[in-house]
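Remarks on the overall topology
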Amino acid sequence: GHSAVTQKPERVVRTEFEKDLGRVSVLKQGSWEAEDEAEEADSDGEACVLCHHCRLPLGQLAYGDGNDTSHLMHGECRAQNLIRELRSKEQSRLERQSSLKKSRHEEFD
């Protein structure tokens, strides 16, 4: 038979996304220290910190995961990272749901 895929209400998705965003720390340059591997000299020879995601210089603001400053990112890179994590969680949930439905169908056949 045909089964409809149920989607979470927008308010639930928004609440979950805001909860995930709450884990993000906004850090201004000078208030964080990066690991050695994330630093590179810029054209002036000054050390600059690179984004963990795209490996480009961070600039004035960096976004981290809570108090973890080892994986600093641009805002857009952090957003892409969060979306990828959410999609992965959703895919896992759908696979578990499908597996459960399949086992229940086999149980009654």
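1. Brief notes about the overall build of the protein chain
When you go through the protein chain residue by residue, the secondary structure sums to two helices and five strands. Counted from the first residue to the last, the protein chain has its helices and strands arranged as α-β-β-β-β-β-α. Within the protein chain, counting contacts between residues at least 6 apart in sequence, those at least 24 apart form 47% of the total. Put simply, the protein chain shows about 8,500 Å² of open surface, and 49% of that area lies on carbon and sulfur atoms.

2. Thoughts on the pairing of strand S4 (residues 61–65)
Consecutive side chains along a regular strand alternate between the two faces of the sheet. Side-chain alternation along S4 places Ala62 and Gly64 on a buried face and Leu61, Tyr63 and Asp65 on a face that remains uncovered. Inspection of the sheet shows S4 paired to strand S5 (residues 68–73) by two bridges, in the antiparallel sense. Considered in S5, the bridge of Asp65 is made with Asp68.

3. Examining helix H2 (residues 75–108)
With 34 residues, H2 should cover 50 Å at 1.5 Å per step; its first-to-last C-alpha distance of 50 Å lies within 8% of that length. Of the positions making up H2, those classed as buried are Cys77, Arg78, Asn81 and Leu82.

4. A few points about unusual backbone geometry
Not every positive phi belongs to a glycine, and Arg55 is a case in point at roughly 65°. Mapped onto the elements, Arg55 comes out in the loop between strand S3 (47–49) and S4.

5. Points about the side chain of Asn81
Assignment of secondary structure puts Asn81 in helix H2. Within the structure, the side chain of Asn81 is placed 2.4 Å from the side chain of Arg84, a separation counted as a polar contact.

6. Thoughts on the pattern of salt bridges
A full pass over the atoms with the stated rule returns one salt bridge. Here Glu90 ties to Arg93 by a salt bridge, and the two come within 2.6 Å at their closest N and O atoms. With Glu90 and Arg93 both in helix H2 and three residues apart, this pair spans about one turn of that helix. Accessibility expressed as a relative area gives 31% for Glu90, which makes it partly exposed.

7. A word on the confidence of the model for the protein chain
In this model, the protein chain carries an average pLDDT of 76, and 65% of its residues clear a pLDDT of 70 or more. Confidence, read as mean pLDDT per element, is least for strand S1 (residues 24–28) in the protein chain (58) and greatest for H2 (91).

8. As for the state of the cysteines
Note on terminology: a disulfide is the covalent bond linking the sulfur atoms of two cysteines. Enumeration according to the criterion identifies zero disulfides in this entry. No disulfide involves Cys54; its sulfur sits 3.8 Å from that of Cys51, the nearest cysteine. Accessibility expressed as a relative area gives 30% for Cys54, which makes it partly exposed. No disulfide involves Cys77; its nearest neighbouring cysteine sulfur is the one of Cys51, lying 3.7 Å away.

9. A word on the environment of Leu86
Residue placement: Leu86 occurs in helix H2. Owing to a relative accessible area of 26%, Leu86 belongs among the partly exposed residues under this scheme. The spacing of Leu86 and Glu16 is 70 residues in sequence and 9.4 Å in space, taken between C-alpha atoms.

The rules behind each value
Residues numbered from 1 in each chain as written. Predicted model: local features only at pLDDT ≥ 70, side-chain atom pairs only at ≥ 80, totals over all residues. Heavy atoms only, no water. Helix = DSSP H or I, 4+ residues; strand = E, 2+ residues; numbered from the N terminus. Contact = heavy atoms within 4.5 Å. Areas by Shrake-Rupley, 256 points an atom, 1.4 Å probe, with all protein chains shown as cover. Buried < 20%, exposed > 50% of the residue type's maximum accessible area, 1.4 Å probe, protein only. Pairing = 2+ DSSP bridges. Expected span 1.5 Å × (residues − 1). Polar contact = N/O pair within 3.5 Å; in protein donor to acceptor, adjacent residues only side chain to side chain. Salt bridge = Lys/Arg side-chain N within 4 Å of Asp/Glu carboxyl O. pLDDT = per-residue confidence, 0-100. Disulfide = S-S within 2.5 Å.

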